[in-house]
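Fold and contact review
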Amino acid sequence: HVAQFLRQGILKKEITAPLPGTRRWSQQLGVSRSTLDLALEVLANERLLKITPRGVELLDGTVPARGNPTHHRIRWLLANNPRPYAEHYMSAASWLQERMRLKGVRVSWETGAPNRLRDIAVSSAPPGELCILASLAPQIQRAFANAGRPALVLGEVADGVSLPFVNADFSGAVRHATFQLLREGCRHIEMIHVKSTAVGISLAKLALAQAIADWQTSPISVRVLETSLDRTNLKVTMRRLVAGTSRGTGCIVVAPVPVGMVVTAILQKGLQIPEQVRLAAIFHGEEAVQLYPPFLHYPWPMPALLKRISAMAEIFFSSGKLPIKGRIATTASHRLS
């Protein structure tokens, strides 16, 4: 909220140089200095201002960076998601930033409410700017497509939206995990995921339902749980999860829902893993699952995704066009030992 307030003031020329010191500025805004510092970092990534040892200076965001006359830029956009969810993507954006810096391309990132993201979509794009839409809702994707703004979707593309994309085969991983659990004798399937408007979540639930429908050998019961990432909601969801968990249950845990909390809840109920409950971890890092083997594990192919994004971005900056799509397979699962 502070970053958005300051951004509007800068763009409307209501905030002008010289800027006050951060101590005085935080007092004027009624926020802590740490909150102001975070907001200023966001605006510095957007090239609206510059943070120096002497203080904060205003910049003209349309001025090309020194030594980079073409001013190529990747703008990584996120919805206002809970912190663990956003940090997952922020680490990816940082990795891309390090990779593209050597090629003279700046990478900035921003989280915003739907109205802010729509404003970006309809605003005029600076020459040489490419937006990365990281798991954004269908209406935001549609706004970028309708405005004709250069954008690359990270994740699934909504129906009726013609935007290039790069993604991991999320639905394929869920379908594959479902069949693996059914082959191992599970007769009750649970899937737990974070509340999100991302297209991939909806398609993953459809993939689960289709996999169950395609399994003809015996009746299977299914339950899908969604949760926020705050501790209170997670605890409530864990109680709901174990209330329906029994021998022969297969549980699909979608990142960033913490696998460790699921395991703890099941063990506290007195069930054993993996004798009575089979677990499948979708897009979790290895550090999240290796303490409780053997899991079905479908890691998010972060390096492969980011290499594909950088390759597609290079094509865009050289030709002005983006490849249509790039999908990374995720169904080569493995067990950790």
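It should be emphasised that the depicted structure is a prediction, and the values quoted were computed from it without experimental measurement.

Quick look at the overall build of the protein chain now. Counting its secondary structure elements, the protein chain contains 12 helices and 14 strands. Against the globule reference of 20 Å for 337 residues, the protein chain gives a C-alpha radius of gyration of 22 Å, in line with a compact fold. In terms of overall dimensions, the protein chain has C-alpha extents of about 70 × 45 × 35 Å along its principal axes. Buried positions account for 47% of the 337 residues belonging to the protein chain. Taking the contacts inside the protein chain whose residues are at least 6 apart along the sequence as the reference set, 66% of them involve residues at least 24 apart.

Looking now at the nonpolar core. Of all hydrophobic cores here, the largest spans 53 residues; its most connected members are Ile74, Trp76, Leu154, Ile189, Ile252, Ile282 and Ile309. Top contributing element to this core by residue count: helix α12 (residues 302–319), with eight residues. Of all hydrophobic cores here, the second largest spans 22 residues; its members include Val263, Ala265, Leu271 and Leu279.

It is worth spelling out the packing of helix α7 (residues 170–183) against helix α8 (residues 199–214) at this point. Two elements in contact, α7 and α8, have axes separated by 8 Å at closest approach and are oriented at 30°. The two elements α7 and α8 cross, and the hand of that crossing is right-handed. Residues Phe170, Ser171, Val174, Arg175, Thr178, Phe179 and Leu182 of α7 touch α8, and the partners they reach there are Gly200, Ile201, Leu203, Ala204, Ala207, Leu208, Gln210, Ala211, Ile212 and Asp214. Its residues assigned to classes, the contact of α7 with α8 comprises 11 nonpolar, four polar and two charged.

All right, on to the pairing of strand β4 (residues 106–112) then. A large share of β4 lies buried, amounting to six of its seven residues. Bridge analysis of strand β3 (residues 73–79) against β4 gives seven bridges, and the strand direction is parallel. Residue pairing in the sheet places Trp76 in a bridge with Trp109 of β4.

Attention shifts here to the packing of aromatic side chains. Under the defined criterion, the tally for this structure stands at four aromatic pairs. Look at Phe179 and Trp215: their rings are 6.1 Å apart centre to centre, the planes differ by 35°, and that puts the pair in the tilted class. Placement of the pair is Phe179 in helix α7 and Trp215 in the loop between α8 and β9 (221–227), with a sequence separation of 36 residues. The class of Phe179 is buried, set by a relative accessible area of 16%. Grouping aromatic residues by their ring pairs yields a cluster made of Phe170, Phe283 and Trp300.

Within the fold, Lys205 resides in helix α8. With 34 residues separating them along the chain, Lys205 and Ser171 place their C-alpha atoms 8.0 Å apart. In contact with Lys205, other than residues within four places in its own chain, are Met191, His193 and Val224.

Another aspect to go through is α12. Its 18 residues give α12 an end-to-end C-alpha distance of 26 Å, which sits within 8% of 26 Å, the value for a rise of 1.5 Å per residue. Those residues of α12 that fall on the buried side of the exposure criterion are Met302, Leu305, Leu306, Ile309, Ser310, Met312, Ala313, Phe316 and Phe317. The buried residues of α12 all sit within an arc of 170° when viewed along its axis, so they share a single face. Gly320, located one to two residues past α12, shows a positive phi value of around 85°.

Glancing now at the packing of helix α5 (residues 114–122) against helix α6 (residues 138–147). What describes two packed helices is the angle between their axes and the distance between those same axes. Interhelical geometry of α5 versus α6 gives an angle of 15° and a closest axis separation of 8 Å. On the basis of their axis angle, the class for α5 and α6 is roughly parallel. Helix-helix and strand crossings are classified by hand; for α5 and α6 the assignment is right-handed. Contacts from Pro114, Leu117, Arg118, Ile120, Ala121 and Val122 in α5 reach Gln139, Ile140, Ala143, Phe144 and Ala147 in α6. Across the contact of α5 with α6, the residue classes break down as nine nonpolar, one polar and one charged.

With that out of the way, let us pick up the confidence of the model for the protein chain. Summary statistics for the protein chain give a mean pLDDT of 84 and a share of 91% for residues scoring 70 or more. Within the model, pLDDT remains below 50 along residues 61–70, and this stretch shows 11 contacts once partners closer than five positions in the same chain are excluded. Across residues 332–337, where pLDDT falls below 50, the model places 20 contacts with residues more than four positions away in sequence or in other chains.

A few words on the side chain of Arg116. Here Arg116 is to be found in helix α5. What makes Arg116 buried here is its relative accessible area of 13%. A distance of 2.7 Å separates the side chain of Arg116 from the side chain of Glu110, its partner in a polar contact.

Basis of the calculations
Residues numbered from 1 in each chain as written. Predicted model: local features only at pLDDT ≥ 70, side-chain atom pairs only at ≥ 80, totals over all residues. Heavy atoms only, no water. Helix = DSSP H or I, 4+ residues; strand = E, 2+ residues; numbered from the N terminus. Rg over C-alpha atoms; globule rule 2.2 N^0.38 Å. Buried < 20%, exposed > 50% of the residue type's maximum accessible area, 1.4 Å probe, protein only. Contact = heavy atoms within 4.5 Å. Core = buried A, V, L, I, M, F, W, Y, C linked by side-chain atoms within 4.5 Å. Axes fitted to C-alpha atoms, helices over the stretch in contact; angles between N-to-C directions. Left-handed = near helix turned anticlockwise from the far one by under 90°. Nonpolar A, V, L, I, M, F, W, Y, C, P; charged D, E, K, R; others polar. Pairing = 2+ DSSP bridges. Phe/Tyr/Trp six-rings, centres within 6.5 Å; stacked < 30°, edge-to-face > 60°. Expected span 1.5 Å × (residues − 1). Arc of directions from axis to C-beta. Parallel < 35°, antiparallel > 145°, perpendicular 65-115°, else oblique. pLDDT = per-residue confidence, 0-100. Polar contact = N/O pair within 3.5 Å; in protein donor to acceptor, adjacent residues only side chain to side chain.

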